[in-house]
There are 2 protein chains.
Amino acid sequence: MKPPAPRRRVTIVDVARHAQVSTTAVSKVLRNAYGASPEMRAKVRRAIDELGYRPHAGARGLRGQTYTIGVMLPDIRNPFFPEVLDGITQALEDTEYQVLLGPGCNGEKAEARVTEAMIDRGMDGLILVAPVSSRTRLEHVASAVPTVVVGRHGSSPGYDAVVNDDIEGASLVVGHLAGLGHRRIAHIEHHETDPTRLAEMPNARRADGYRQAMRALGLAEWIDVVSTSYTQEGGYRGAKELLERPQRPTAVFAGADVVAMGVLDAVAEAGLSVPDDISVAGYDNTTFAAFGLISLTSVDQAGHEIGRNAARLVLERITDRHTPSVQVSLAPTLVPRRTTARPPE
Amino acid sequence: MKPPAPRRRVTIVDVARHAQVSTTAVSKVLRNAYGASPEMRAKVRRAIDELGYRPHAGARGLRGQTYTIGVMLPDIRNPFFPEVLDGITQALEDTEYQVLLGPGCNGEKAEARVTEAMIDRGMDGLILVAPVSSRTRLEHVASAVPTVVVGRHGSSPGYDAVVNDDIEGASLVVGHLAGLGHRRIAHIEHHETDPTRLAEMPNARRADGYRQAMRALGLAEWIDVVSTSYTQEGGYRGAKELLERPQRPTAVFAGADVVAMGVLDAVAEAGLSVPDDISVAGYDNTTFAAFGLISLTSVDQAGHEIGRNAARLVLERITDRHTPSVQVSLAPTLVPRRTTARPPE
């Protein structure tokens, strides 16, 4: 292959002129072989060959856009994240942008690897979903590429943020359970020690919201938090611990639906029934919660809307990187189902 | 920024020599900011600055590798696919390769868009999981980039394939149910009309395997197949139809665990109990099936091993694109759980 010649690079505009079609038509042929007529495709392909145009995203990356949005997901198994992803892909559907996912990020090291890889591949913008990396690290990423952070509270001049009001969501759950007559309401949180993450992560906010709501309702003496992780296994371990208390709670607020799955498992294993012996609530309103046989009370944080907002913001940032940073906070709603009821007499 | 100078491009080898470290160390610094000591990073960064090396995957893409493997997943909600993905990422963990996922592929058009986008971005190899595209289309992709197809039966000289023996898996389920005393065993399949897909898709193979096994066991007269889709909704609709039969089946073999979810929903809604009134089995042995409250009999098709094999093959193909194509077929195993039992008297 010859090295790049010093002459002006052939652009999509040259191809369109040469083929006597619109640039949109060229772009259509380049992006989506199934979207253009055979005649149009033949015309454009001929012009490409004659001019030696290279429709290569990597090559475009050297000069400008690759039309790629990188989305980093922490855990493809948590059924909440597909909701966010659907919102993102739907918002980008009619654009030139392709979403590529960086999977399997669990921890700062993996996040660093994935974000570096995305920057290195010239992606135009990143959407980082519930990242655990330090603020410094997030700002470093945002300084390299337009970035929207989903689920992290606390604002930064470097990136936009889309969050759910997790304090309010937790308060809705506690209020619902207290309204049913529960006082011994326990919470299973995702263990967190880093001070920034304690201030910014959704899990830490939900635990805070739980404590605040318990106090506001005069239930401070019943505050009982078990620290495990936002996984099914974490819910199982947390519930086992709670069920061994001398006086066990009458209700468990699991910080995420995936945690509630493990709680339901442990409760069944202990020979107890939900909600007769113990009420269980989750957070995220996943398809699992809505599943008829489970019918889990949960908090809907509008994952789809979160995704749509994140996509909109990242596109705005790509167009004008020096726009002041924006924080969008979405209000959660409670979805009561069959796993919560009055406490046993 | 200056246009590329006509002199020889600075390579990672030059950087290593200049910094007096190994190329592995340079690569470590380039790939994973958290994996190298601060001293090493400072040394390498200095060499990079002094030589003007551009560690840009897009730039490398013009000359050769981008160290990116594109993985196309049909449906991020189906809990089977994370297993395959885990196998892929684990196999690539200690390599230079980064996995990027193309999400939301549902249908030929979306698959064309994603595969074009991946090729256009200079990815080194593709792993296509359960694609629905035509053979011609798959061969077109494989002619552009080393490709491994997961889950499609039928061989091609153009790409490698990793499959599960779906005929055998279906036979295991039917044998298990017949062994418990069931005769009226129905099957819910994913609707398929395209002749190639009828021969190659795992769903079509499972339906074939069901029919073959029913015949082999002398149960041909009870063959009863409902065509919906491999989704929870498809399972729900399929089960509703089966439950309205004048004589309803005593067992339902759902073609995938996600389908069984919908079946369980419909059965509960009809006021029937599993397995006392009706046995239900799935396929894929997902975490959902293993979930204690569900405890679904299923077929383990070793998703993790499928992923590991696919990653190994795509790396081999990247190294030597002209290697003869390989088909790997993995044997499934039955995992009997609580949703299957003797039929009602």
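Residues numbered from 1 in each chain as written. Chains lettered and ligands numbered in written order. Predicted model: local features only at pLDDT ≥ 70, side-chain atom pairs only at ≥ 80, totals over all residues. Heavy atoms only, no water.

Notes on the nonpolar core
Applied cut-off: We define the nonpolar core as a collection of buried residues of types Ala, Val, Leu, Ile, Met, Phe, Trp, Tyr and Cys that are connected through side-chain atoms lying within 4.5 Å of one another. For the exposure calls, accessible area comes from a 1.4 Å probe over protein chains only, and a residue counts as buried if that area is under 20% of its type's maximum, exposed if over 50%, partly exposed in between. Any pair of residues with heavy atoms lying within 4.5 Å of one another is described as a contacting pair.
Counting 54 residues, the largest nonpolar core has A:Val71, A:Ile127, B:Val71 and B:Ile127 as the members making the most contacts within it. Apart from the residues within four sequence positions on either side, A:Val71 is in contact with A:Leu85, A:Ile88, A:Val99, A:Leu100, A:Leu101, A:Gly102, A:Met118, A:Ile127 and A:Val129.

Overview of the sheet that holds strand E6 (residues 185–190) of chain B
Residues and elements named next belong to chain B. Inclusion rule: Paired strands, as defined in this entry, are two strands with at least two bridges between them according to DSSP. Only DSSP runs of H or I reaching four residues or more are called helices, and only runs of E reaching two or more are called strands; each is numbered from the N terminus. Fitting a line to C-alpha atoms yields each axis, with helices limited to the stretch in contact; the angle taken between N-to-C directions then spans 0 to 180 degrees.
Taken together, the four strands give an open sheet; going across it, the order is E7-E6-E8-E9, and neighbouring strands pair in parallel fashion. Each of the sheet's edge strands pairs with one partner strand only, and the pair in question is strand E7 (224–228) and strand E9 (279–281). Ignoring which end each strand starts from, the neighbouring axes of this sheet average 20° apart. Sheet topology places E6 next to E7; five bridges connect them, and they run parallel. Considered in E7, the bridge of Ile-188 is made with Val-226. Of the strands in this sheet, E6, E7 and strand E8 (251–254) are in contact with helix H11 (residues 232–243), which crosses E7 at around 140°.

Focus on the confidence of the model for chain A
Rule in force here: pLDDT is defined as a per-residue confidence score from the predictor, taking values between 0 and 100.
Averaged over every residue, the pLDDT of chain A is 87; the share at 70 or more is 90%. Below pLDDT 50 for its whole length, residues 1–7 of chain A participates in four contacts with residues either more than four positions away or in separate chains.

Focus on the sheet that holds strand E8 (residues 251–254) of chain A
All names here are of chain A. Read across the open sheet, the four strands follow the order E7-E6-E8-E9; overall the sheet is parallel. For this open sheet the edge positions go to strand E7 (224–228) and strand E9 (279–281), each flanked by a neighbour on one side alone. Taken pair by pair, the neighbouring strands of this sheet meet at an average axis angle of 20°, ignoring direction. Note: E8 against E9, three bridges, orientation parallel. What sits directly across from Val-252, in E9, is Val-280. Packed on one face of the sheet, helix H11 (residues 232–243) meets strand E6 (185–190), E7 and E8 and runs near 140° to E7.

Concerning the pairing of strand E11 (residues 327–330) of chain B
Residue and element names in this part refer to chain B. Going residue by residue along E11, you find Val-328 and Leu-330 tucked away on one face and Gln-327 and Ser-329 left uncovered on the opposite face. With four bridges connecting them, strand E5 (residues 160–164) and E11 associate as parallel partners. Within E11, the position partnered with Val-163 by the bridge is Ser-329.

Section: the environment of A:Gly122
The residue A:Gly122 is located in the loop between helix H6 (108–120) and strand E3 (125–129) in this model. In this structure the C-alpha to C-alpha distance between A:Gly122 and A:Ala144, which are 22 residues apart in sequence, comes to 9.9 Å.

As for helix H8 (residues 166–179) of chain A
All names here are of chain A. Our working rule: Expected span of a helix: the number of residues minus one, times 1.5 Å. It is the directions from the helix axis to the C-beta atoms whose arc is reported.
Over its 14 residues, H8 extends 20 Å from the first C-alpha to the last, a length consistent with the 20 Å expected when each residue adds 1.5 Å. Burial in H8 covers these residues: Asp-166, Gly-169, Ala-170, Val-173, Val-174, His-176 and Leu-177. End-on, the buried residues of H8 take up no more than an arc of 160°, which puts them together on one face.

A word on the domain arrangement of chain A
Note the following rule: Those domain boundaries reflect an automatic or database domain assignment.
Domain annotation of chain A identifies domain 1 (12–54), domain 2 (68–164 + 303–331) and domain 3 (166–302). Each of domain 1 of chain A and domain 2 of chain A has a C-alpha centre, and these two points are 32 Å apart.

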